[in-house]
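# Structural characterization, general
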Amino acid sequence: MKKVLYYLLLASIIPLMFLFKPRQDIVFGAINESQCIRLFEDGKEFELRVRDNNVYTGTYTISRDTVFLLYQEHLAVSRTKLNAGQTEDRTNLPVVLYIFANTSQIKSSNDSFLAQIYLDKRQTDL
């Protein structure tokens, strides 16, 4: 009986692993101590994590070494702060990011984002 339960549990966990696996279509990624950005190939989507692990998503366009971000939704991992009546400042979110390949950094135009590039699979003919 224990073996049957073990195999049933194993058979139910394995499909869940494939269902919740992280996205594998990352084209570009950069990170520092408190911020990170990932650009995905499918749908030209991005994921930006800043300040207290807040997650912003949307779409992007790349023109040479400049990334333009268009925010679609905001997912706050820590909703207790927002429920306590604090407002969130979206004016500091980066909209334009500049990629410096020679220093392996990406920096926003308003100096609110600076990170080291750890993955760059962009096409060279951009």
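Everything here concerns the structure above.
Keep in mind the model is a prediction, meaning the values are calculated, not measured.

Attention now moves to the pattern of salt bridges. Any two side chains of opposite charge can pair, given that their charged atoms come close. Here the structure, examined in full by the defined rule, presents 5 salt bridges. Its salt-bridge partner being Glu47, residue Arg38 comes within 2.8 Å of it at the nearest N-O pair. By relative accessible area, which is 14% here, Glu47 ends up buried. Linking Arg122 and Asp65 is a salt bridge whose minimum nitrogen-to-oxygen distance equals 3.0 Å. Taken together, the residues Arg122 in the segment after strand S8 (114–120) and Asp65 in the loop between strand S4 (54–63) and strand S5 (66–75) connect sequence positions 57 residues apart. When salt bridges with common partners are traced through the structure, they connect Arg38, Glu47 and Arg49 into a single cluster.

To continue, consider unusual backbone geometry. For Lys44, which is not a glycine, the phi torsion comes out positive at approximately 50°. Exposure remark for Lys44: the relative accessible area of 46% places this residue in the partly exposed category. Residue Ser104 is not a glycine yet carries a positive backbone phi of 55°. Relative to the assigned elements, Ser104 resides in the loop between strand S6 (96–100) and strand S7 (105–108).

Rules used throughout
Residues numbered from 1 in each chain as written. Predicted model: local features only at pLDDT ≥ 70, side-chain atom pairs only at ≥ 80, totals over all residues. Heavy atoms only, no water. Salt bridge = Lys/Arg side-chain N within 4 Å of Asp/Glu carboxyl O. Buried < 20%, exposed > 50% of the residue type's maximum accessible area, 1.4 Å probe, protein only. Helix = DSSP H or I, 4+ residues; strand = E, 2+ residues; numbered from the N terminus.

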